[in-house]
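Breakdown of the fold
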Amino acid sequence: CRIVVLISGSGSNLQALIDQLDTPADIVGVIANRPQAYGLQRAAAAGIANECLDHQDYTSREAFDQALMARIDAYQPDLVVLAGFMRILTPELVSHYRGRMLNIHPSLLPRYKGLHTHQRALEAGDVEHGATIHFVTQELDGGPLVVQGRVSVLTNDNPETLAARVQLVEHQLYPLAVNWFAQGRLRFDAEGARLDEELI
Ligand code: GRF
């Protein structure tokens, strides 16, 4: 299962995938939209093809996404994994990868779509929080849920300590979901994401 991972930053989720994916999952390419993304170094250290497509080189979202699609498709992926990829995708790109694009979001969706999720959970006084892996659809952070991981919110938590604990869960969750997809045990159909019964 040929996987392309898209990143924007440190790539700790990418690293978790590099460390924990089993065959048939195989990361064949990493693409960053920012030249300084440390995740590019992680890919290089792991001997994985990597490149930067700087969104600042493009005058429109559509032009960037067209170029991004061409670069992604050059790897002929079975799955595209967004790992801290901080871009809003155009409908064209989303529909092009329908059913084979995953994202990780640092909240228990459908709560806290968008940004600053840890701050918002703290302000709401939530006692639990977490991360969600979902299929990417036209709705931002709204696609069918694949799997969620939960953490307790501690009374002395701040956004940084909470984010750190959520990231530990993320780094377990994403390899699990991607391995399921690679093993053909995760389907995306009209009703949403389906997991083969024997996994439950
Ligand atoms: C992760 O916390 C993820 O939930 C969010 O952005 C962060 C990316 O971190 N989408 P990294 O680049 O994978 O370290």
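Under an unreviewed UniProt entry, the name given to the protein is Phosphoribosylglycinamide formyltransferase, and the source organism is Halopseudomonas salegens. Note on the protein: under the UniProt heading Sequence similarities (unreviewed entry), the record states "Belongs to the GART family."

1. Some details on the layout of surface pockets
Approximately 880 Å³ is the volume attributed to the largest pocket. Every residue lining the largest pocket is counted, 38 residues in all, and those nearest its centre are Gly84, Phe85, Met86, Asn103 and Ile104. When grouped by side-chain class, the residues that make up the lining of the largest pocket number 14 nonpolar, 19 polar and 5 charged.

2. What about the sheet that holds strand β2 (residues 26-32)?
The 7 strands lie next to each other as β3-β2-β1-β4-β5-β6-β7, forming an open sheet whose pairing is mixed. Edge positions in the sheet fall to β3 (50-52) and β7 (145-152), since each has one partner strand and no second. Averaged over neighbouring strand pairs, the angle between their axes works out to 20° when direction is ignored. Where strand β6 (residues 128-135) and β7 come together, 7 bridges link them in antiparallel fashion. Each residue of the ladder has a partner; that of His129, found in β7, is Val151. Against the sheet, helix α1 (residues 12-20) contacts β1 (2-7), β2, β4 (79-82) and β5 (101-105), and its axis sits at roughly 165° relative to β2.

3. Thoughts on the site of the ligand
Around the ligand, the structure places Ser10, Gly11, Ser12, Asn13, Gly84, Ile104, Pro106, Gln167 and Glu170. Within the backbone of Gly11, a nitrogen or oxygen atom sits 2.9 Å from an oxygen atom of the ligand. In the environment of the ligand, an oxygen atom lies 2.6 Å from a nitrogen or oxygen atom belonging to the side chain of Glu170. Computed on the free molecule, the ligand has an accessible area of 360 Å², of which 84% lies beneath the protein chains in the complex. When atoms are counted within 2 Å of each cavity's grid points, the one that captures over half of the ligand is the largest pocket. Listing elements by their share of the shell around the ligand, those giving two or more residues are α1 and α6 (159-182). By residue class, the composition of the shell around the ligand is 2 nonpolar, 6 polar and 1 charged.

4. Some thoughts on the UniProt feature "site: Raises pKa of active site His" (unreviewed entry) in the protein
Within the UniProt annotation, "site: Raises pKa of active site His" (unreviewed entry) is assigned to Asp141. The topology assignment puts Asp141 in the loop between β6 and β7. What Asp141 contacts, discounting residues up to four positions off in sequence, is Asn103, His105, Leu109, Lys113, Gly114 and His134. Here the side chain of Asp141 touches Gly114 through a polar contact of 2.8 Å, landing on its backbone nitrogen.

Here is what the cut-offs are and how they apply
Every chain is numbered independently, its residues counted from 1 as its sequence is written. Local features in this predicted model are restricted to residues whose pLDDT is 70 or higher, and side-chain atom pairs enter the listing and the counts only when it is 80 or higher, whereas totals over whole chains, interfaces and linings include all residues. The basis for every side-chain value is the complete set of heavy atoms in the structure, and neither hydrogens nor water enter the calculation. UniProt positions are given in the numbering used here, feature names are shortened, and annotations may be inferred rather than shown by experiment. Lining residues are those with an atom within 4 Å of a point, where the points come from a 1 Å grid over the protein atoms alone and group into cavities, where a 1.4 Å probe fits but cannot get out, or pockets, open sets with protein on both sides within 12 Å along at least five of seven lines. Grid points are joined across faces, edges and corners, and a volume is the space filled by probe spheres set on the points. Asp, Glu, Lys and Arg are counted as charged, while Ala, Val, Leu, Ile, Met, Phe, Trp, Tyr, Cys and Pro are counted as nonpolar; the rest, among them Gly, fall into the polar class. For two strands to count as paired, DSSP must find a minimum of two bridges between them. Put simply, DSSP marks the helices as runs of H or I at least four residues long and the strands as runs of E at least two long, and each gets a number from the N terminus on. Comment: axis = line fitted to C-alpha atoms, over the contacting stretch for helices; angle = value between 0 and 180 degrees taken between N-to-C directions. Here a residue-residue contact requires only that any non-hydrogen atoms of the pair lie within 4.5 Å. The cutoff for a nearby residue is simple: one of its non-hydrogen atoms must lie within 4 Å of the molecule or strand. Two N or O atoms count as a polar contact when they lie within 3.5 Å, although within protein this holds only if one can serve as hydrogen donor and the other as acceptor, and sequence-adjacent residues are included solely when both atoms are side-chain atoms. Note on areas: Shrake-Rupley with a 1.4 Å probe; residue coverage comes only from the protein chains shown. Think of it this way: a molecule belongs to a cavity or pocket when more than half its atoms come within 2 Å of the grid points there.

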